[in-house]
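# Report on the structure
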Amino acid sequence: MRVIIDTGAYRRNLAVLSARLDPAQLMAVVKDDAYGHGALQMVRVARECGVSAFAVLDITTGVSLRASGVLGDAIAFAWLFDAADDFASAIEHEIDLGVSNVEVLDAIAAATSLVENSGHDALRLPVRVHLKIDSGLHRNGAAPHEWAALITRAKHWQDEGRIEVVGVWTHIGEASAEDDDTSRNVFESAVDQSRGVGLNPTLRHLAASAASFERVDFRYDLARVGGFTYGIGPGSGIGPADLGLEAVMSAHASVVRVGDVDGQSVAVLDCGYLDGLPAWRLASDGSNEELPKTGYDVVIAGVRCPVLSVEADTMSVALRETASPVQVGDEAVVFGSHLRREPVLQEWADALGTVGEEIAVRVGLRAEREYRES
Amino acid sequence: MTLRIQAGPQREARISLAHLVSNIAVLGADSMTLDLTADAFGHGAQRIARAAAEAGVSTFTVRSEREAAQIQDVLPRGTTLGVGRVDEHSVTHSYGLDPARHRGTKPVMRLSARVLAVKQVAADAGVSYGYTWRAPHDGWLALVPLGYGDGFVRAWGNRAVAQWHGMRCELAGRVAMDAHSIFTGGQSATVGDEVVYFGDADSDVTAATFAEAVGAPVVSITPAFGSRIPRTFTDRVDAS
C-alpha cells in the first residue's frame, strides 16, 4: 500500500485551526511520526505556516527533531517519561518538559547539575517545565491532593535557578460536557494554587483537537492539536467536511483480480491487514455484538465499492455496474479526502469501532509515503 | 527521506531465537518454508532468517516482489527466497503465536513494558477517554507506555488482561495513542515494574489470546509492533 501525504491540505488545516483558536496558540502534535504522516516533513511545513510549538511525546523524539534542524527555535514539548529518562539530553536539546511528580522534578534538577559540570556550552538554564494536574483522566498528572507538594517543590527548584515553570496543563476525558467542566474547575484551581506559591505559568493548556475546536473557554493560552491538523474527524458521524478541514493522508492500492463470487462481481486489492488495516470490527459502544460485514468503502474509478473482507495481504470489495468495467491494475483509493469524494478515515473508524488516528498511524508507519502539495 | 523514530526504552519485544529453532524442529527444517513477510511478522527478518538458516531452513518466502527486494540483501547465503501468499497456519506455527492449538510450539515474541507511573483511585473513578472503565473498588492503577501508535490495539482496552507480578490485571479504560492503564487492585505497582502481555514462558497468554479478545486473525497482532518497540534477541543462537 502507498500513502500520499498532501502537505497543501496540512497547510490549509493549520490556517483554519490557527485562526479559530486565536488568540490561543496552536501546538501541533507530531508524536508517533506525526500520526504516520512523517514528523520531519510535517514539522517543516508547519514551521513555514508559522507554528512555533510542537508536542513530541518523549525525549527521544524531541531530541531527534531538534537535532534535525527542522524545529529551529520552536518549542518541543515532551511528557512521557519516568525519573530514569535522559534529562541531560533533553536539557542540551532544549526540550520543554511536562512533569507530573516530584521524583521527575528532582531528576531534572539533578540533570542540570550534571550538564553544568560537564561544561556543555549549549546548556540554557533554567529548564522550561509544564506541571501537569490530573483533572479526572487518571493517567498521568499529579492528583489534586499531590498538587501542593509538586508546586512547592517546583518553586524551590525555580528559586534555585534550575527550572522555570512556564506552564500548567492537563488532559481531559471528553466523557461529557459536565465531566469536562468538572475537569476545568480542577485545572483552574491548580493554576490559582500555583500562582499562590509564586509561580507564573503563562502557558495554560488543557484542550486537544475536539475541545479546543468547540469550546472557547477551554482554549486558554495554548491548545494541543493533533488529529484535526491531519484532517481526521472525531468520529460518531463527524468528519473533516463538518469542520472545514480536509484529509492530509490518502491510501492507495491496486486491483489485482476481478471476478465473480456467488453472483457478486468482486475486485481484489493488493492491501490487507499486514499493511495496518484493522482486521477486527467492533461496535463503537464497546459491545461485542455481531456486526454486518460491510459499512465502509473504497473508491475505484470514482465509484464507491463496499468492503467485503480484509485478509492478510488482500482485500475484497464488491463492484457495481459501471460505465467502464474495473480492470486489473486500476487504482483504488482506500481512504482519502471528501473533496475528491473519497471515503474519509472517520467513515472507516466509525464502522470498525475505532478512531481515525488508529488507522492513520497503523497504515502510515508502514506504507511507502509520497509527498504532494495540492 | 522519512525519519523513523525509535521510541523510548521502557518497552520490549523480546525475541527468543531458541524458541524459533525449537518450532522449526517440530515442523521439520528440511520440508519447511519460513515466511519473512512484514519483517518476519514483526520479529525482525534479518536475525530470524539467520537463526533459521543455522537450524537448517533453506527456503524463505515473502508476500510480494517489493518485500522480496527489501530483504534480499539480508538473507543468509545458500538460501532461496520465493514470493507467495501468506499461509496463516504455517506462520502461526513457526512463530509460536498459538501454542494451545499448535502443540509443541513455543512463543518467539514476548511483549512487555515498564510501569511509568502509579495512581491511587477511589471506587467508581473513571479512567481514560470517555471514562469507559470505572474502578470496581478503591485500588491502584499503573500507567504503561504502550498505545495504539505502537500497534497495541486500541480495542484491547477493557477487553484484554496484562500480567504484573504473576497477577492478571485488567486493561482499564481506552488505550490511548501512547499509553494505557492497568488496574492492579489493592496493591500498588512500583515505577519500573515489568508488565507482560503475551509470550511469557510461565503463562499461557499468547498472541492468539490477544487476537481473540478483539476477533482479529492471530497473524495480524505481532507485525503491527514493527519498529516502534525495541527488539531484543535472546539465546544467542547465531554466532555473531
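Residues numbered from 1 in each chain as written. Chains lettered and ligands numbered in written order. Predicted model: local features only at pLDDT ≥ 70, side-chain atom pairs only at ≥ 80, totals over all residues. Heavy atoms only, no water.

Moving on: the interface of chain A and chain B. Chain A puts 61 residues into the contact, and the matching count from chain B is 54 residues. Together, H138, R139 and L274 of chain A form the three largest contributors to the area buried by chain A at its contact with chain B, with a combined 16%. Inspection of the region where chain A meets chain B yields six salt bridges. As a salt-bridge pair, D32 of chain A and R228 of chain B come within 2.8 Å of each other at their nearest N and O atoms. The tally of links from chain A across to chain B stands at 16 residue pairs in polar contact (both at pLDDT 80 or more). Where the side of chain A that touches chain B is concerned, the elements lending two or more residues are helix 2 (31–36), helix 3 (39–48), helix 4 (59–68), helix 8 (177–196), helix 11 (356–364) and strand 16 (368–372) of chain A. (Contact = heavy atoms within 4.5 Å. Buried area = accessible area lost by both parts, 1.4 Å probe. Salt bridge = Lys/Arg side-chain N within 4 Å of Asp/Glu carboxyl O. Polar contact = N/O pair within 3.5 Å; in protein donor to acceptor, adjacent residues only side chain to side chain. Helix = DSSP H or I, 4+ residues; strand = E, 2+ residues; numbered from the N terminus.)

This part is about the domain arrangement of chain A. Residue and element names in this part refer to chain A. The domain architecture assigned to chain A consists of domain 1 (6–243) and domain 2 (250–372). Look at where the C-alpha atoms of domain 1 and domain 2 centre, and you get two points 35 Å apart. Each side of the interface is counted separately: domain 1 has 21 residues, and domain 2 has 15 residues. The junction of domain 1 with domain 2 conceals about 1,300 Å² of combined surface from both sides, 60% of it contributed by carbon and sulfur atoms. The three residues of domain 1 that bury the most area against domain 2 are Y35, G36 and I232, which together make up 31% of that side's buried surface. Our enumeration of links across domain 1 and domain 2 arrives at one salt bridge. A salt bridge links R369 to D33, with the nearest nitrogen and oxygen atoms 3.0 Å apart. (Domains from an automatic or database assignment.)

Let us look at the domain arrangement of chain B. Domain boundaries in chain B define domain 1 (16–105) and domain 2 (116–191). Taken over C-alpha atoms, the centre of domain 1 of chain B sits 34 Å from the centre of domain 2 of chain B.

A separate point is the pairing of strand 9 (residues 222–225) of chain A. All names here are of chain A. By the alternation rule, side chains of strand 9 split into L222 and R224 and A223 and V225, which are all buried. In this sheet, strand 9 lies alongside strand 2 (residues 25–29) in parallel orientation, the contact comprising four bridges. Bridge pairing in strand 9 places A28 opposite V225. (Buried < 20%, exposed > 50% of the residue type's maximum accessible area, 1.4 Å probe, protein only. Pairing = 2+ DSSP bridges.)

Before going further, it helps to examine the layout of surface pockets. A volume near 890 Å³ is recorded for the second largest pocket. Forming the boundary of the second largest pocket are 38 residues, of which L365 and R366 of chain A together with D39, G226 and S227 of chain B lie nearest the centre. Mapped onto the lining of the second largest pocket, the elements with two or more residues apiece are helix 11 of chain A together with helix 2 (37–42), helix 3 (45–54) and helix 4 (65–71) of chain B. The dominant element in the lining of the second largest pocket, judged by the number of residues it contributes, is helix 4 of chain B, at four residues. Along the lines of polarity and charge, the residues of the lining of the second largest pocket split into 17 nonpolar, eight polar and 13 charged. (1 Å grid on protein atoms, 1.4 Å probe; cavity = no way out; pocket = protein on both sides within 12 Å on 5 of 7 lines; lining within 4 Å. Points joined across faces, edges and corners; volume = space filled by probe spheres on them. Nonpolar A, V, L, I, M, F, W, Y, C, P; charged D, E, K, R; others polar.)

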